[in-house]
Amino acid sequence: AGPNYYINTGISKPFDPEAFRGNWRTGYELGAGVGFMLSEKLEIIPGFHYNNFSLNDANFLADYSGEDNIFSSIVGGTTHIFDIGADLKYLVPAKNISTVTPYLIGGAGFASHIISKKDIVTETGAFVDPKLSTQSAWAGAGIGFEFVMGKRTYLVLEGKFNVLFEEETTVYAPIRFGILIK
């Protein structure tokens, strides 16, 4: 059998640390991968994903200035997470249902976490919070479902928790909707 092709999009929720959860909004994810069956139920999927989280201006400014200041503004601050790695997917077929196949998934790799420059204006002046960029290892685990759509085409729905092993651990949860072509 040949490779399996994945393409996905979805939403991504910031979880930890508290500043990430409170100061950035739920964002989106885009990704792709190519899977190779190691056995009837086990697949390895090298791939890449991009997650984008926009800054929650009001929450960030309240944390930054210590108050809710109507004269303050901010431009920038979007968080980008690019990752490359490999997932192992273990299929857990249901006995009497042939149109849906649940699975467990876990993976690891390397990530680049970028917070774009923030231009901040408050009553006391203008400030620049410079771009931050870190590279780290990541790991993640989750569950998903494959839904038969055609002879070789499947709809994939997957939820996962990903962890970036940075100085301060970053956790986010993508919920992916995608297409799998076998």
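Right above here is the structure, for reference.
Here the structure is a predicted model, which is why all the values come from computation and not from measurement.

**A word on the overall build of the protein chain**
Counting secondary structure elements, the protein chain contains 2 helices and 11 strands. Reading the protein chain from its N terminus to its C terminus gives the helix and strand order β-α-β-β-α-β-β-β-β-β-β-β-β. Seen through its C-alpha atoms, the protein chain measures out along the principal axes to roughly 65 × 25 × 20 Å. A buried classification covers 40% of the 182 residues belonging to the protein chain. Counted over contacts in the protein chain with a minimum sequence separation of 6, partners at least 24 positions apart contribute 63%. Carbon and sulfur atoms make up 65% of the accessible area of the protein chain, which amounts to about 10000 Å² in all.

**Brief notes about the packing of aromatic side chains**
Evaluated as defined, the whole model comprises 8 aromatic pairs. Considering the side-chain rings of Phe-20 and Trp-24, the 6.2 Å spacing of their centres and the 55° angle between planes classify their relative orientation as tilted. Taken individually, Phe-20 and Trp-24 each receive the classification buried, so the pair is uniform in this respect. Ring plane angle 75° and centroid distance 5.1 Å describe the contact between Phe-20 and Phe-53, whose orientation is recorded as edge-to-face. Taken together, the positions of Phe-20 in helix 1 (residues 18–23) and Phe-53 in strand 3 (residues 42–53) put the pair 33 residues apart, joining distant regions of the chain. Phe-53 carries the same exposure label as Phe-20, and that label is buried. Taken together, the ring pairs in this structure connect Phe-20, Trp-24, Phe-53, Phe-60 and Tyr-172 into an aromatic cluster.

**Remarks on the sheet that holds strand 8 (residues 125–129)**
Taken in spatial order, the 3 strands make up an open sheet running 4-7-8, and their pairing is antiparallel. The open sheet is flanked by strand 4 (73–76) and strand 8, the only strands paired with a single partner. On average, adjacent strands in this sheet sit at an angle of 15° to one another, irrespective of strand direction. Judged from the 4 bridges that link them, strand 4 and strand 7 (residues 118–122) form a sheet pairing that is antiparallel. Each bridged residue has a counterpart across the sheet, and for Ser-73 the counterpart in strand 7 is Val-121.

**Some remarks on the nonpolar core**
The nonpolar side chains of soluble globular proteins are, as a tendency, buried together. Formed by 14 residues in total, the largest nonpolar core has its most connected members in Trp-24, Phe-53, Ile-74, Leu-164 and Tyr-172. Broken down by secondary-structure element, the contributors of at least two residues to this core are helix 2 (57–65) and strand 6 (100–115). In this structure, Leu-91, Ile-105, Val-156 and Leu-180 belong to the second largest nonpolar core, which totals 8 residues.

**A few points about the pattern of salt bridges**
All chains considered together, the criterion is met by 9 salt bridges. Across the salt bridge formed by Glu-29 and Arg-176, the nearest N and O atoms sit 2.5 Å from each other. Of the two residues, Glu-29 is situated in strand 2 (residues 27–37) and Arg-176 in strand 11 (residues 170–181); the sequence distance between them amounts to 147 residues. In this structure, Glu-29 and Arg-176 share a single accessibility class: buried.

**Section: unusual backbone geometry**
Across the junction of Asp-16 and Pro-17, the peptide omega takes the value 5°, indicating a cis bond. The topology assignment puts Pro-17 in the loop between strand 1 (4–16) and helix 1.

**A closer look at the sheet that holds strand 3**
Spatially, the 8 strands close up into a barrel ordered 1-2-3-5-6-9-10-11, and their pairing is antiparallel. Here the average twist between neighbouring strands, direction ignored, is 25°. Two strands pair when backbone bridges link them, and strand 9 (residues 132–148) and strand 10 (residues 153–164) are joined in this way by 11 bridges, in the antiparallel orientation. Counted as the bridge partner of Glu-146 is Val-156 from strand 10.

**Here we look at empty space enclosed by the protein**
Tallying each qualifying case throughout the model produces 1 cavity of 30 Å³ or more. What lines the largest cavity is a set of 24 residues, and nearest its centre among them are Tyr-6, Asn-8, His-49, Glu-158 and Arg-176. When residues of the lining of the largest cavity are traced back to their parent elements, those giving at least two are strand 1, strand 2, strand 3, strand 5 (79–91), strand 6, strand 10 and strand 11. Here the residues of the lining of the largest cavity are counted per class, giving 13 nonpolar, 6 polar and 5 charged.

Reading the values: rules and limits
- Residues numbered from 1 in each chain as written.
- Predicted model: local features only at pLDDT ≥ 70, side-chain atom pairs only at ≥ 80, totals over all residues.
- Heavy atoms only, no water.
- Helix = DSSP H or I, 4+ residues; strand = E, 2+ residues; numbered from the N terminus.
- Buried < 20%, exposed > 50% of the residue type's maximum accessible area, 1.4 Å probe, protein only.
- Contact = heavy atoms within 4.5 Å.
- Areas by Shrake-Rupley, 256 points an atom, 1.4 Å probe, with all protein chains shown as cover.
- Phe/Tyr/Trp six-rings, centres within 6.5 Å; stacked < 30°, edge-to-face > 60°.
- Pairing = 2+ DSSP bridges.
- Axes fitted to C-alpha atoms, helices over the stretch in contact; angles between N-to-C directions.
- Core = buried A, V, L, I, M, F, W, Y, C linked by side-chain atoms within 4.5 Å.
- Salt bridge = Lys/Arg side-chain N within 4 Å of Asp/Glu carboxyl O.
- 1 Å grid on protein atoms, 1.4 Å probe; cavity = no way out; pocket = protein on both sides within 12 Å on 5 of 7 lines; lining within 4 Å.
- Points joined across faces, edges and corners; volume = space filled by probe spheres on them.
- Nonpolar A, V, L, I, M, F, W, Y, C, P; charged D, E, K, R; others polar.

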